[in-house]
4 protein chains.
Amino acid sequence: SLNLRFLFQLFYDPDNLRLYEKVKVYVQELWNILDILSILLFCIGLVFRLTTKLFYPGKIILCIDFVVFCLRLMAIFTISQTLGPKIIIMMDIFFFMFLLSIWVMAYGVAKQGILIQNDNRLDWIIRGAVYEPYLIIFGNFPENIDNAGFNINSCSMNGTDPMKPKCPVLNENQMPAFPEWLTIIMLCVYLLFANILLLNLLIAIFNYTFQEIHENTDRIWKFQRYQLIKEYHSRPSPPPPFIIVSHIKFMRNLVCLRSLCNSFCYYINIAK
Amino acid sequence: SLNLRFLFQLFYDPDNLRLYEKVKVYVQELWNILDILSILLFCIGLVFRLTTKLFYPGKIILCIDFVVFCLRLMAIFTISQTLGPKIIIMMDIFFFMFLLSIWVMAYGVAKQGILIQNDNRLDWIIRGAVYEPYLIIFGNFPENIDNAGFNINSCSMNGTDPMKPKCPVLNENQMPAFPEWLTIIMLCVYLLFANILLLNLLIAIFNYTFQEIHENTDRIWKFQRYQLIKEYHSRPSPPPPFIIVSHIKFMRNLVCLRSLCNSFCYYINIAK
Amino acid sequence: SLNLRFLFQLFYDPDNLRLYEKVKVYVQELWNILDILSILLFCIGLVFRLTTKLFYPGKIILCIDFVVFCLRLMAIFTISQTLGPKIIIMMDIFFFMFLLSIWVMAYGVAKQGILIQNDNRLDWIIRGAVYEPYLIIFGNFPENIDNAGFNINSCSMNGTDPMKPKCPVLNENQMPAFPEWLTIIMLCVYLLFANILLLNLLIAIFNYTFQEIHENTDRIWKFQRYQLIKEYHSRPSPPPPFIIVSHIKFMRNLVCLRSLCNSFCYYINIAK
Amino acid sequence: SLNLRFLFQLFYDPDNLRLYEKVKVYVQELWNILDILSILLFCIGLVFRLTTKLFYPGKIILCIDFVVFCLRLMAIFTISQTLGPKIIIMMDIFFFMFLLSIWVMAYGVAKQGILIQNDNRLDWIIRGAVYEPYLIIFGNFPENIDNAGFNINSCSMNGTDPMKPKCPVLNENQMPAFPEWLTIIMLCVYLLFANILLLNLLIAIFNYTFQEIHENTDRIWKFQRYQLIKEYHSRPSPPPPFIIVSHIKFMRNLVCLRSLCNSFCYYINIAK
């Protein structure tokens, strides 16, 4: 509902020159982006769902919208005095993500290159080079890097079955030809760095930032609460189911004003 | 046994007006709630077990009672000087649980909505939307979000088999129709936030609270020990197997007193 | 080799009254216990291995001895200035173990009681009540708490197959009769407390102790190094393969001394 | 490209006596080793790939080279003011690795000795004694330590099948003869020490070092940035695709100089 009002506010502005600036200021805040995104997705999803042909895509868009709404819900944590300001330590994750992604790519691409030759299907390349190494971090071990667990039925020889990855290069005994000891050593080193080193590094970074922030906690919290109260103060008072009434009234006023203004401008123009 | 005495103390009180207040004070302490709960469950379970028909439910109630007793046992840690006071940091878990539950619900509901259409069975909806995403955090990966691992036998087409979840929406090739790349990306983001971000955030919060509490450790510990000693001082002295004797004596005195009091009151009333 | 010398020193002592005391002092140090244990196990294992009948038990004892030797090897970390003194924080594990074992037992016994009725085989009870809940902490999920994954072939109906656990109580449809929702909720709560709460509590305790110890690091380290140097100083100088020569010489001296002493005492006695 | 220049610089040096010293200084820096290694591997891989016979080994070498390049890429993190200096805490991993490797070997060798007798194949011994216990740390549980999960088809009786491990010692009932309770207890103790104790110890060490380093952060960061800028300053200016021109020019100058110098030296020698 805040967004609706904001939209009116945005488009009503008489001097259109500052529209771009206003949008820029508004978008700079993360929560506002989430708000707009959720409203947009909701509208698109609703329209799609009401058609017969696009029913399923519409449902999927509404599901994604639900996730965005949930993320938006986390904004209320900024009210908590002790823990609210510390949610910003989540920014540390970006540094960690960068390190992690380099490492995942390094292992994934090398593994894929050693194991499988000339797979033309992009989706299976991404699976092998990114998705699989990523899942290893969370304890889901692959079985294709080990000769001993090789099963000819779990892969398609010339990559024609869309449900199966391409087989590794085979030798004359119909067994994988890649140097098994190399892939196993690579897996061990990867596990050591990704699961032990990087994850524990992240814990250390988090701990450090958490204690660092604590010294400025009070100031940040007061600022956040001021913003939250200001935001709620600017909203109309009735609770959500009846807020539509308030919006309609607001819109009517707006339309009246606009028509008034338009006619006024019109007469001014005529008068000139 | 403390509870039995408490019950007598509760019901003996001459002016019944303060009964509600007393209960209120007593219940405010967590350990006391556990005590009462364990006694109640024990009585119910014992009664149920002795019947033939409700033998199995009685056994289950006694099993739950055992868990409550074990939780009660943790109260003895409050005697430890260095670590006792720090058990209260477990309260931090509630903040974490709130964040985690929002995130689990966001992923779970969206995933369920995308995958499975119109499952009417509540238990399978809860499994798909809450239980499954929750287990992912602990390393138990689902296999139904991935086309490549799809097996038509692991699900029932129209949701009639009570032991199998409903199948995802199928296309004309009898393969799942949901956009696979979307569910995989959602899983990756979910894993990143839930397993890495939130768990490490919890570690940082724990570390912080642990160090914070340490400064007040001595004071909290003295207070806890005083309470523990006071509690044990008020208990009868014989060890548990013979404590029943003490209780019987206590009860006899009580009954005598009550009858004495009653007869006294009675005569007072008559005298009036 | 230190032990051999110690043994000689122990038995040579003229006044046998203090033998018990000496042993007591010696045993109080953990490393010495490991030393004695490894020597004893080695001797027993060697004797067993040389016989034909007890060859396999002897091999097993030698394997265990290898583990004890490896633990003994960790003593050399006490030389490291920064990290040596901090190995003693491993004592914190005992507090954690106590909490964890209560919690594992609480869940395990309750789960076993609800699922399986009157299994007489002790090993399967221990497996169900201790081993299985313990493995859950490390990500090995059980499949028997869930009706949906129930397989009649994975258990033996009346507990006669020694390789399979007893089946849960079945209802008339040959399906498990236990309340599935209860075991699933118990599992969720158990995971939350054991995997998230207790493990992170341990991390917080470790961090705290680590920083606490750091202030006394220098003193502890000097003390440890002094002990290590003293110990090595008292050992004979030749390297391990030739140390037997040194020991033989030491023994010969000892025997000479003892016989000399004995004959001397004998003559003294005669002279009296 | 820096390496190419370095190579020229190295070999051009008139007084060849200091060649060894220069190499020594250069190699002492980790990043330089990675640079040289990546260039060498690239050249070898390229040559191999262009042949028909060694096409696959060449591809594997190029894959490994990619990993080395990715590691080299991490050098750019040293520019970050707050986190760059802290990457050196990764050195703590070596102490941890030492402890961990002792522990993994202790468990692995003992387990292998108890389970399997006289396996002559080195690769399966390493798998059983090192690889398997290592994977346990990351949640991949073995199934061969438990009688209840024993399957005669998963192992080869006399160790002839190269794809299967040798079977454990069997008794007359064709069941494993090893004391099951011992291997299970060993696994439990191993899990406790490796997964809980050592990993959390590492977290505590990381946290401690992270905070220790923070005090010297500013100084270390300035030093690192100075080195990085100095390094980039010494490089030729054109971007990578055209840098070959710069190198060719540099090489030409070098060759001219060398020929000039040589002819000069030659004439000097003649003049003498």
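Note that this is a predicted model, so its numbers are computed, not measured. (Residues numbered from 1 in each chain as written. Chains lettered and ligands numbered in written order. Predicted model: local features only at pLDDT ≥ 70, side-chain atom pairs only at ≥ 80, totals over all residues. Heavy atoms only, no water.)

Trainee: How should the overall build of chain A be read in this particular structure?
Mentor: Scanning chain A from terminus to terminus reveals 9 helices and 0 strands. Ordered by position in the sequence, the α and β elements of chain A form the string α-α-α-α-α-α-α-α-α. When the 272 residues of chain A are sorted by exposure, 44% land in the buried category. Taking all contacts inside chain A whose residues are at least 6 apart in sequence as the whole, residues at least 24 apart take part in 67%. (Helix = DSSP H or I, 4+ residues; strand = E, 2+ residues; numbered from the N terminus. Buried < 20%, exposed > 50% of the residue type's maximum accessible area, 1.4 Å probe, protein only. Contact = heavy atoms within 4.5 Å.)

Trainee: Would you explain the pattern of salt bridges in this entry?
Mentor: All names here are of chain D. What the rule picks out here adds up to 4 salt bridges over all chains. The salt bridge involving K111 is made with E132; its shortest N-O contact spans 2.6 Å. Taken as a pair, K111 in helix α5 (residues 92-115) and E132 in helix α6 (residues 122-137) lie far apart in primary sequence, 21 residues in all. The class of K111 is buried, set by a relative accessible area of 3%. Judged by its relative accessible area of 24%, E132 falls in the partly exposed class. (Salt bridge = Lys/Arg side-chain N within 4 Å of Asp/Glu carboxyl O.)

Trainee: Sorry, what's going on with the relation of the copies chain A and chain B here?
Mentor: Put simply, the second copy of the chain is the first one after a rotation about an axis and a shift along it. Rotating chain A by 90° and moving it 0.0 Å along the rotation axis overlays it on chain B with an RMSD of 0.0 Å. Each copy turns onto its partner about a four-fold axis. Across chain A, the smallest distance between a C-alpha and the rotation axis is recorded for G139 of chain A, namely 4.3 Å. (Least-squares fit on C-alpha atoms with pLDDT ≥ 70 in both.)

Trainee: It is not clear to me how the confidence of the model for chain A should be interpreted in this structure. Could you clarify?
Mentor: Should the pLDDT be low somewhere, the predicted coordinates at that spot are not to be read in detail. All names here are of chain A. Mean pLDDT over chain A: 72, with 62% of residues reaching 70 or higher. When the elements of chain A are averaged for pLDDT, helix α1 (residues 2-12) gives the smallest value, 47, and helix α6 (residues 122-137) the largest, 86. Between residues 1-17, whose pLDDT stays under 50, and residues either more than four places distant or in other chains, the model counts 29 contacts. Contacts from residues 237-241, a stretch scored under 50 in pLDDT, to residues over four places away or in other chains number 2 contacts. For this predicted complex, the interface confidence comes out at an ipTM of 0.71, alongside a pTM of 0.74. (pLDDT = per-residue confidence, 0-100.)

Trainee: Mind showing me how you'd approach the packing of aromatic side chains here?
Mentor: By convention here, two paired aromatic rings are described through the distance between centres and the angle between planes. Tallied over the full model, the rule gives 16 aromatic pairs over all chains. Between W103 of chain C and Y190 of chain C, the ring centres sit 6.5 Å apart and the planes meet at 20°, which makes this aromatic pair stacked. Of the two residues, W103 of chain C is situated in helix α5 (residues 92-115) and Y190 of chain C in helix α7 (residues 180-214); the sequence distance between them amounts to 87 residues. On the basis of relative accessible area, Y190 of chain C is assigned to the buried category, the value being 1%. Here Y107 of chain D and Y190 of chain D contribute two aromatic rings whose centre-to-centre distance is 4.2 Å and whose plane-to-plane angle is 15°, an arrangement assigned as stacked. In this pair, Y107 of chain D is assigned in helix α5 and Y190 of chain D in helix α7 (residues 180-214), connecting sequence segments 83 residues apart. Clustering of aromatic rings is evident, with ring pairs tying together W103, Y107, Y190 and F193 of chain A. Taking the ring centre of W124 of chain A as reference, the NZ or CZ of R127 of chain A above it sits at 4.7 Å. (Phe/Tyr/Trp six-rings, centres within 6.5 Å; stacked < 30°, edge-to-face > 60°. Lys NZ or Arg CZ within 6 Å of the ring centre and 35° of its normal.)

Trainee: How should the environment of Y190 of chain D be read in this particular structure?
Mentor: Along the backbone, Y190 of chain D and V104 of chain D are 86 residues apart, and their C-alpha atoms lie at a distance of 8.2 Å. At 2.7 Å, the side chain of Y190 of chain D and the backbone oxygen of P133 of chain D are in polar contact. (Polar contact = N/O pair within 3.5 Å; in protein donor to acceptor, adjacent residues only side chain to side chain.)

Trainee: How do you make sense of the interface of chain A and chain B when you look at a structure like this?
Mentor: It is common to report an interface's size as the accessible area lost on association of the parts. Each partner contributes to the interface: chain A provides 37 residues, whereas chain B provides 44 residues. Here chain A packs against chain B, burying approximately 3,800 Å² in sum over the two surfaces, 79% of which is carbon and sulfur. Our count for the contact surface shared by chain A and chain B stands at 0 salt bridges. Put simply, chain A and chain B have 4 residue pairs in polar contact (both at pLDDT 80 or more) between them. Counting only elements with at least two residues in the side of chain A that touches chain B, the list comes to α4 (55-73), α5 (92-115), α6 and α7 (180-214) of chain A. Among the elements that line the side of chain A that touches chain B, the one with the most residues is α4 of chain A, at 11 residues. Of the residues contributing to the side of chain A that touches chain B, the split by class is 30 nonpolar, 4 polar and 3 charged. (Buried area = accessible area lost by both parts, 1.4 Å probe. Nonpolar A, V, L, I, M, F, W, Y, C, P; charged D, E, K, R; others polar.)

Trainee: Mind showing me how you'd approach the state of the cysteines here?
Mentor: In a disulfide, the sulfur atoms of two cysteines are covalently bonded to one another. Residues and elements named next belong to chain A. Evaluated as defined, the whole model comprises 0 disulfides over all chains. Left without a disulfide partner, C43 is nearest to the cysteine sulfur of C63, which lies 17 Å away. Judged by its relative accessible area of 41%, C43 falls in the partly exposed class. (Disulfide = S-S within 2.5 Å.)

Trainee: Before we go on, may I ask you to explain helix α4 (residues 55-73) of chain C in this structure?
Mentor: Turn by turn, an α-helix covers 3.6 residues, leaving residues three or four places apart pointing in a common direction. Here α4 of chain C spans 27 Å end to end across 19 residues, near enough to the 27 Å set by a 1.5 Å rise per residue. For α4 of chain C, every residue scored as buried is listed here: Y56, G58, K59, I60, I61, C63, D65, V67, V68, C70 and R72 of chain C. (Expected span 1.5 Å × (residues − 1).)

Trainee: Help me out: how do you make sense of the side chain of S38 of chain D in this one?
Mentor: Relative to the helices and strands, S38 of chain D resides in helix α3 (residues 30-50). Look past the residues within four positions of S38 of chain D in its chain and what remains in contact with it is D65, V68 and F69 of chain D.

Trainee: Sorry, what's going on with a nonpolar patch on the surface here?
Mentor: On the surface, F66 of chain C together with M105, V109, L122, I126 and V130 of chain D cluster together into a nonpolar patch covering about 470 Å² of accessible area. Looking at the nonpolar patch, the elements that each hand over two or more residues are α5 and α6 of chain D. The dominant element in the nonpolar patch, judged by the number of residues it contributes, is α6 of chain D, at 3 residues. With respect to the element layout, V109 of chain D can be found in helix α5. For V109 of chain D, a relative accessible area of 30% gives the class partly exposed. (Patch = residues over 30% accessible without salt bridge, like charges linked within 9 Å, V, L, I, M, F, W, Y side chains within 5 Å. Areas by Shrake-Rupley, 256 points an atom, 1.4 Å probe, with all protein chains shown as cover.)

Trainee: Please clarify how the environment of L100 of chain C should be interpreted in this entry.
Mentor: All names here are of chain C. Within the secondary structure, L100 is located in helix α5. Note: C-alpha distance between L100 and F193 (93 residues apart in sequence) is 9.4 Å. Excluding anything up to four places from it in sequence, L100 contacts I137 and L198.

Trainee: Is there a simple way to explain α6 of chain A in this structure?
Mentor: Residue and element names in this part refer to chain A. Under the 1.5 Å per step criterion, the end-to-end length of α6 is 23 Å for 16 residues, consistent within 8% with the ideal 22 Å. Along α6, the sharpest kink reaches roughly 35°, centred on G128. Residues of α6 that are buried include every one of W124, R127, G128, A129, Y131, P133, Y134, L135, I136 and I137, and no others. Just downstream of α6, G139 is the residue with a positive phi angle, here 95°. (Bend = angle between axes of the 7 residues up to and from the residue.)

Trainee: Hey, could you run me through the environment of L99 of chain B in this one?
Mentor: In this structure, L99 of chain B sits in helix α5 (residues 92-115). Along the primary structure L99 of chain B and A129 of chain B are separated by 30 residues, whereas in three dimensions their C-alpha atoms are 16 Å apart.

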